[in-house]
Amino acid sequence: MGNPTVTRPLRPWTAPTASDPVVARLRLPGSKSMTARALVISALASGPSTLAGPLRARDTELMAGGLRALGAHVSIADDDRWLVRPHPLVGPAHVDVGLAGTIMRFVPPVAGLADGRITFDGDPQARTRPLGPLIGALRSLGVRVESPATGSLPLTVYGAGRMAGGEVVIDASASSQLVTGLLLAAPRFDRGVVVRHVGPPVPSAPHLRMTVQMLRAAGAAVDDSTPDVWVVEPGALTGRGWEIEPDLSGAVPFFAAALVTGGEVTLQGWPRSSAQPVEQLRTLLQRMGGEVTLTTAGLTVRGTGTVHGIDADLSDVSELTPALTALAMLADSPSRFTGVAHIRGHETDRIAALAREFTGLGADLTESADGLEIRPRPLHGGTFQTYHDHRMAHAAAVTGLAVPGVELDDVSCTSKTMPEFPALWSAMVTGKN
């Protein structure tokens, strides 16, 4: 008889409270979105590629592992420079998606190009994330896919070694990743692909622009001139060197610290031209009372110590919702965030989770179908549940800057995209960075 499984309790983490304005110069890990796309494109290319400055975190390591399981050679031994050498894609294989939307939506179309049976599954919470539209799209393109009636994990793709491609209609209102997954593999389809979105607006449009930009950089012919239609011609993808930008979404809580404390935070290594939605972030932070500048030193945010409430549609930058909600809790006037109904299907139902956890700290806010209305008032300390969601942990950390005694039930969930987060955050707040 084997030893019983011992479940160790999560170790709570008290978010540090700032006694002085935060002043920090940080070099953060690479963009998760860019790293994931570069890995997939490189695995499908005609020659080797390198990724300089990639994000090493749970999501990206699982992505590398999934592509490796399909046959690609992916070396991530060097933290600063990963190497991808494409090889024939074959099964049988199993892909562990963890809790990563990028893997569960980007890799099944790649599996359709493999020769063999490919299974997908992940963390228990991953089975609640929407995959139905992608499964339907793959079936309409001739791929045999087995999945539960719920259109979710676990699923099995029976690859035939090639895909004919063609035209497909999809409702991608739940996630732009549903379109990106098809586009990334499309150059390898015999006839390419025409993806037509039909339904409510596709969220996180900047991520789709990033996909198109990176495909073109690898030699793909992509036409996105017609709204809600993407045309990818068949053709070889070129192996190349990818320079991965610092992660903008991961930087937002650090920038928020500048606003909350009246400090100054600089993200070093920021490019003059970015594939990420930096202009949208600049506008939001300026409206909330920050000053945002881009110089050779990096992207710098300065605060006055006073945060202003705003009314904003966050549909293009929904990943920022938790951190911006924390900022809004500490503002001098009410805020209203809309356009983020789809984040109910992220790592957790983020709208409901934010409403529940901030109410527990004494907040006055109202949950709507697609967002939150926040009426600031003094908060108190307490336990903040993260629901295995890194963005929830970021929201709690920002709140703790001004509210003593905010205790996260599990800060380790930040390893999903930034394993260094607890140490970086504490060093910044204490001035030891």
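No experiment lies behind these values; they were computed from the predicted model shown.

Undergrad: What's the story with the overall build of the protein in this structure? I'm lost.
TA: On a plain count of helices and strands, the protein comes out with 12 helices and 23 strands. Relative to the globule expectation of 22 Å for 433 residues, the C-alpha radius of gyration of the protein, 21 Å, shows essentially globular dimensions. Along the first, second and third principal axes, the C-alpha set of the protein runs to 60 × 60 × 45 Å. Looking at the protein residue by residue over its 433 residues, the buried ones come to 58%. Of all intrachain contacts in the protein linking residues separated by at least 6 positions in sequence, the fraction that spans at least 24 positions is 73%. Counting only carbon and sulfur atoms, one obtains 51% of the accessible surface of the protein, whose full area is about 16400 Å². The distance from the centre of the 37 positive side-chain charges to the centre of the 41 negative ones in the protein is 4 Å.

Undergrad: How should I be thinking about the nonpolar core in this particular structure?
TA: Inside soluble globular proteins, nonpolar side chains tend to come together where they are buried. Leu-39, Met-63, Phe-120, Leu-182, Leu-183 and Val-195 are the most contacted members of the largest nonpolar core, which has 77 residues in total. Counting 73 residues, the second-largest nonpolar core is a separate cluster that includes Ala-256, Ala-396, Val-411 and Phe-421.

Undergrad: Would you mind going over empty space enclosed by the protein with me for this structure?
TA: Which parts of space are left empty comes out when a probe the size of a water molecule is rolled across the atoms. The final tally for this structure, using the stated rule, is 2 cavities of 30 Å³ or more. Looking at the largest cavity, its volume works out to about 400 Å³. Considering the residues around the largest cavity, the lining is formed by 33 residues, among which Lys-32, Ser-33, Gln-177, His-207 and Glu-319 are closest to the centre. Those elements that place two or more of their residues in the lining of the largest cavity are α1 (32-43), α3 (101-113), α6 (205-217) and α7 (248-261). Considering the residues around the second largest cavity, the lining is formed by Ser-249, Val-252, Pro-253, Glu-319, Leu-320, Pro-322, Ala-323, Arg-391 and His-394.

Undergrad: In this structure, what is going on with the side chain of Gln-177? I would like to understand it.
TA: With respect to the helices and strands, Gln-177 occurs in helix α5 (residues 177-185). Assessed through its relative accessible area of 16%, Gln-177 is described here as buried. For Gln-177, the residues in contact, after removing those within four places along its chain, are Gly-101, Thr-102, Arg-105 and Phe-106.

Undergrad: Explain the pattern of salt bridges to me, please; I cannot follow it from the model alone.
TA: Pairs can form between side chains of opposite charge once their charged atoms are near each other. Overall, the coordinates contain 21 salt bridges when judged by the stated rule. A salt bridge links Glu-61 to Arg-56; the nearest nitrogen and oxygen atoms lie 2.9 Å apart. Judged by its relative accessible area of 34%, Glu-61 falls in the partly exposed class. Notably, a salt bridge pairs Asp-123 with Arg-58, separated by 2.8 Å at the nearest N-O pair. With Asp-123 in the loop between β7 (115-121) and α4 (132-140) and Arg-58 in helix α2 (residues 58-69), this residue pair connects regions lying 65 residues apart in the sequence. Three or more residues joined by partner-sharing salt bridges are found here, namely Glu-319, Arg-350, Asp-389 and Arg-391.

Undergrad: Even after reading the chapter, I still don't get the packing of α2 against α3, so can you show me in this structure?
TA: Describing two packed helices takes the angle between their axes plus the distance from one axis to the other. Two numbers describe how α2 lies on α3: the axes approach to 9 Å, and their chain directions differ by 25 degrees. Here α3 runs roughly parallel to α2, going by the angle between their axes. Here α2 runs over α3; the crossing is right-handed. Residues Asp-59, Leu-62 and Met-63 of α2 form the contact with α3, whose participating residues are Thr-102, Ile-103, Phe-106 and Val-107. The class makeup of the residues in the contact of α2 with α3 is 5 nonpolar, 1 polar and 1 charged.

Undergrad: Quick question: what am I supposed to make of the sheet that holds strand β14 (residues 241-243) here?
TA: Strands belonging to one sheet form pairs held by backbone hydrogen bonds; the direction of such a pair is parallel or antiparallel. Spatial strand order, β4-β5-β3-β14: 4 strands in an open sheet with mixed pairing. In the strand order of this sheet, the two ends are held by β4 (73-75) and β14, each with one partner. Direction aside, neighbouring strands of the sheet carry axes that sit 15 degrees apart on average.

Undergrad: Sorry if this is basic, but what is going on with the pairing of strand β6 (residues 93-96) here?
TA: Regular strands show a simple pattern: their side chains alternate between the two faces of the sheet. Burial along β6 is one-sided: Ala-93 and Val-95 are buried, while His-94 and Asp-96, pointing the other way, are not. Taken together, the 4 bridges between β6 and β7 define a ladder with parallel strand orientation. By the bridge assignment, Val-95 is partnered in β7 with Phe-120. A crossover links β6 with its parallel partner β7, the connecting element being α3, and its sense is right-handed.

Undergrad: Would you take a moment to explain the side chain of Thr-338 for this structure?
TA: Along the chain, Thr-338 turns up in strand β19 (residues 335-338). Assessed through its relative accessible area of 13%, Thr-338 is described here as buried. Look past the residues within four positions of Thr-338 in its chain and what remains in contact with it is Ala-312, Asp-313, Leu-314, Ser-315, Asp-370 and Gly-371.

Undergrad: Explain the sheet that holds strand β22 (residues 382-384) here, please?
TA: Taken together, the 3 strands give an open sheet; going across it, the order is β1-β23-β22, and neighbouring strands pair in mixed fashion. Here the strands that pair on one side only, and so sit at the sheet edges, are β1 (13-14) and β22. Across 2 bridges, β1 lies against strand β23 (residues 406-408) in antiparallel orientation. Its bridge partner lying in β23, Thr-14 is registered against Glu-407.

Procedures and definitions
Residues numbered from 1 in each chain as written. Predicted model: local features only at pLDDT ≥ 70, side-chain atom pairs only at ≥ 80, totals over all residues. Heavy atoms only, no water. Helix = DSSP H or I, 4+ residues; strand = E, 2+ residues; numbered from the N terminus. Rg over C-alpha atoms; globule rule 2.2 N^0.38 Å. Buried < 20%, exposed > 50% of the residue type's maximum accessible area, 1.4 Å probe, protein only. Contact = heavy atoms within 4.5 Å. Areas by Shrake-Rupley, 256 points an atom, 1.4 Å probe, with all protein chains shown as cover. Lys, Arg positive; Asp, Glu negative; His and termini not counted. Charge placed at Lys NZ, Arg CZ, Asp CG, Glu CD. Core = buried A, V, L, I, M, F, W, Y, C linked by side-chain atoms within 4.5 Å. 1 Å grid on protein atoms, 1.4 Å probe; cavity = no way out; pocket = protein on both sides within 12 Å on 5 of 7 lines; lining within 4 Å. Points joined across faces, edges and corners; volume = space filled by probe spheres on them. Salt bridge = Lys/Arg side-chain N within 4 Å of Asp/Glu carboxyl O. Axes fitted to C-alpha atoms, helices over the stretch in contact; angles between N-to-C directions. Parallel < 35°, antiparallel > 145°, perpendicular 65-115°, else oblique. Left-handed = near helix turned anticlockwise from the far one by under 90°. Nonpolar A, V, L, I, M, F, W, Y, C, P; charged D, E, K, R; others polar. Pairing = 2+ DSSP bridges. Right-handed = clockwise from strand over helix to strand, strands pointing away.

The values reported here are purely geometric and, on their own, carry no functional implication.
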